[in-house]
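# A look at the structure
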Amino acid sequence: MISSRIKNWIRTELFDQVPTCICVIDRDYRIVEANRAFSETFGAWHDQPCYTVYKNRTTRCEECAAAETFCDGKTRARQEIGVAASEGKPTHYLVQMVPLIRGDGEVRYVIEMSTSISEIKRLQQEKLTAERLAAVGQTVAGLAHGIKNIIMGLEGGMYVVGSGIRRSDNEKIRQGWEILEENIDRISSFAKEFLEFAKGRVPQVTLADPNRVAQQVVELFRHTAQCSGIELRSQLDKQIAKAPLDEQEIHTALANLTSNAIDACEMSDKSERHVTLITREENGKLIYEVIDDGCGMDYDVKQKVFTNFFSTKGLRKGTGLGLLTTRKIVQEHGGTVSFESTKGSGSVFRLEFPRDRFPSPTEEN
Amino acid sequence: MSEQTTTTSRKILVIDDEPSIIAYLTTVLEDEGYVTCSTSDPLAALDVAQQHRPDLITLDIMMPKRSGIAFYQILKRDAELGAVPVVFVSAFARASDFRSTVFRKMVPDETIPAPEAYVEKPIDVASFLRTVASLIDAGDSVAASSGRRGNAP
């Protein structure tokens, strides 16, 4: 049992001892009571409206959480930015509105309890900056990797030509010259693709049927898959709701994944190979999955999947920008790309789009 | 798969999925007097190695169908070919990182030894040839001390 002394302390002292800023406002938004932490953080408050004390405003906030609580009597929490007198600069805080309800149901007062989250916000900002820098670093490293490979090709071509001249071997000279031409072509297509990637485009988002673009991709690759003895299937959730998508970009992303899946099957020596494109809805998310039972990826390939210019497809088939482009498109739609892969068994690439993070459609279909 | 013969003794197998890199490395090695054989298909590489019994293998890492790392593990477990020194030639990692950390992350099995050498693309021809020569010389010393002879012509 809690002692009466402690009970008494809670009644009389806790209000002033807690490190949370608490104030009580009336229906005119005037602060009628506040605790010590509130006074220390926001300064003088007697008979002043909360919006003046919190935000130096002369009028009520446009979207006032307290007004909503006065209206519906519900407890709610919201992130706000105010000016703490103790810090003298904008500060982020989480404020909870708790109604004080009379017997007749009227909300007479609202208690506002605010906790500073400026430190959390600062850390979030630092993390975002670090992620951006890491992405820049990764891109630069990827570019350097691509260039190194081309330098190897150019040096190789020059060496083989030189060796042919020394040996008076025309065949060697021709072979070296071909290597040089091939690598000049390669560096110009790398430069073009890299510029294309860096430039990007403004997404043209319209409310679209997610299944339609999936079906188009399946049709596009059906013949290619058939020629390689691979069965390309689709499992589309017919109930799926429309979503704000840039159909052309989603088409590119799904085509990249499907093309990769077909390549992975081509590299496998299994007798039956399948690629399946799935759409489904789960926990407020639109999900696309491209599943293959091809060769799968081992450790070193998995580590580099999203690195610029990384390709296992050899010189002629891949520039290594496909998955990176896919990730960029998905991120522009507020989504994420993930994958699971087992060497020898196959891979699943998954695009997840939380519906509350989609960009706003520019027009409606 | 192809084989080029020159006047000297030692045979080197070049494995890389890019024919232009094969042409480069085999030309460099042949100019130095080595015999070369090569393949751009990592799935055929073990057969090629069994057929030609090379004194050294240069191996790319990023290849479709089978990575150089996967092939290396198969090779090192092979009773007859396991002792053949391997020089990885790849742009996959920095040379300083590869043998110290990257390789062991990819091949946690301690029974597979770390590769004899790693040369970063683009190669420095002189340094590449020094690496190859030192490994072949080391192989010769081992063979001489055990009274065994390698693939001398």
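Rules behind the numbers
Residues numbered from 1 in each chain as written. Chains lettered and ligands numbered in written order. Predicted model: local features only at pLDDT ≥ 70, side-chain atom pairs only at ≥ 80, totals over all residues. Helix = DSSP H or I, 4+ residues; strand = E, 2+ residues; numbered from the N terminus. Buried ≥ 20, exposed ≤ 12 C-beta atoms within 10 Å, placed from the backbone. Contact = placed C-beta atoms within 7 Å. Pairing = 2+ DSSP bridges. Axes fitted to C-alpha atoms, helices over the stretch in contact; angles between N-to-C directions. Nonpolar A, V, L, I, M, F, W, Y, C, P; charged D, E, K, R; others polar. Expected span 1.5 Å × (residues − 1). Bend = angle between axes of the 7 residues up to and from the residue. Left-handed = near helix turned anticlockwise from the far one by under 90°. Core = buried A, V, L, I, M, F, W, Y, C linked by C-beta atoms within 7 Å.

## Here's the deal with the overall build of chain A
A tally of helices and strands in chain A yields twelve helices and twelve strands. Expressed as a percentage of its 365 residues, the buried residues of chain A come to 29%. Here the contacts in chain A between residues at least 6 apart in sequence split such that 58% fall between residues at least 24 apart.

## With respect to the overall build of chain B
Across its full length, chain B holds five helices and six strands. Moving toward the C terminus, one meets the helices and strands of chain B in the order β-β-α-β-α-β-α-β-α-β-α. Taking as baseline every contact in chain B between residues at least 6 positions apart, the subset at least 24 positions apart corresponds to 69%.

## Points about the sheet that holds strand β7 (residues 230-236) of chain A
Residues and elements named next belong to chain A. Taken in spatial order, the five strands line up as β7-β9-β10-β12-β11 in an open sheet, and their pairing is mixed. Both edges of this open sheet fall to β7 and β11 (336-342), since each of them pairs with a single strand only. Within this sheet the neighbouring strands show an average axis-to-axis angle of 10 degrees, counted without direction. Strand direction decides the pairing type here: β7 and strand β9 (residues 273-282), joined by seven bridges, are parallel. By the bridge assignment, L236 is partnered in β9 with T279. The strands touched by helix α8 (residues 210-227) are β7, β9 and β10 (285-292); relative to β7, the strand with the most contacts, the crossing angle is about 170 degrees.

## Here's the deal with the interface of chain A and chain B
Note: interface size is frequently given as the accessible area lost on complex formation between the parts. Of the residues lining the interface, 24 residues belong to chain A; the matching set on chain B comes to 22 residues. Contributions of two or more residues to the side of chain A that touches chain B are made by α6 (118-167), α7 (170-199), α10 (299-303) and α11 (314-317) of chain A. In terms of residue count, the dominant contributor to the side of chain A that touches chain B is α6(A) (eleven residues). When the residues that make up the side of chain A that touches chain B are grouped by side-chain class, the tally is nine nonpolar, eight polar and seven charged.

## As for α8(A)
Residues and elements named next belong to chain A. The terminal C-alpha atoms of α8, which comprises 18 residues, lie 27 Å apart, in line with the 26 Å expected from a rise of 1.5 Å per residue. Taking the largest bend as the criterion, α8 deviates by roughly 40 degrees, centred on F221. Of all the positions in α8, only P210, V213, A214, V217, F221 and A225 are classed as buried. Looking at the buried positions of α8, the neighbouring elements they touch are β6 (206-208), β7, β8 (243-245), α9 (247-266), β9 and β10. G229, located one to two residues past α8, shows a positive phi value of around 70 degrees.

## Digging into unusual backbone geometry
Cis geometry is adopted by the peptide bond preceding B:P122, which originates at B:K121 and carries an omega value of -5 degrees. Inspection of the secondary structure puts B:P122 in the loop between β6 (117-120) and α5 (125-145). The residue A:D47 is not glycine, and still its phi comes out positive at about 65 degrees. Its place among the elements puts A:D47 in the loop between α3 (36-42) and α4 (50-55).

## Concerning the packing of α8(A) against α9(A)
All names here are of chain A. Axis separation between α8 and α9 bottoms out at 9 Å; the angle between their running directions is 35 degrees. For the pair α8 and α9, the sense of crossing is right-handed. Residues V213, A214, Q216, V217, L220, F221, T224 and A225 of α8 form the contact with α9, whose own contacting residues are E247, I250, H251, L254, A255, T258, S259 and I262. Tallied by class, the residues present in the contact of α8 with α9 amount to ten nonpolar, five polar and one charged.

## Brief notes about the nonpolar core
The nonpolar side chains of soluble globular proteins are, as a tendency, buried together. One finds B:L13, B:L25, B:I57, B:L59 and B:V86 to be the most contacted residues of the largest nonpolar core, which totals 49 residues. When residues in this core are grouped by element, the largest group, seven residues, is from helix α1 (residues 19-31) of chain B. Those residues in contact with B:L25, other than ones at most four positions away along the chain, are B:V14, B:T58 and B:V89. Listed in part, the 30 residues of the second largest apolar core include A:A214, A:A264, A:C265 and A:C295.

## Considering the sheet that holds strand β2 (residues 31-34) of chain A
Residues and elements named next belong to chain A. In spatial order, the strands read β2-β1-β5-β4-β3; together these five strands make up an open sheet with antiparallel pairing. The open sheet terminates on both sides in strands that have one partner only, identified here as β2 and β3 (76-83). When the angles between neighbouring strand axes are averaged without regard to direction, this sheet yields 30 degrees. In this structure, strand β4 (residues 90-101) lies alongside strand β5 (residues 107-116), joined through nine bridges in antiparallel fashion. Looking at β5, one finds that V95 is bridged to S114. Taken strand by strand, helix α5 (residues 65-72) contacts β1 (21-25), β3, β4 and β5, and its axis lies near 145 degrees from that of β5.

## Re the pairing of strand β4 (residues 56-59) of chain B
Residues and elements named next belong to chain B. In β4, alternate side chains face the same way, and those of L56 and T58 on one face and I57 and L59 on the other are all buried. Here strand β2 (residues 11-15) runs beside β4; their pairing, made up of four bridges, is parallel. When the sheet's bridge partners are listed, V14 is paired in β4 with T58. The sheet contact formed by β4 and strand β5 (residues 86-90) spans three bridges and is parallel. Of the residues in β5, the one forming a bridge with I57 is V86.

## Notes on the pairing of β4(A)
Residues and elements named next belong to chain A. Here eight bridges tie β3 to β4, and the two strands are oriented antiparallel to one another. The residue of β4 that forms the bridge with R78 is V95. Taking the residues between adjacent antiparallel strands as the criterion, β4 and β5 are bridged by five residues, where G105 takes a positive phi near 95 degrees.

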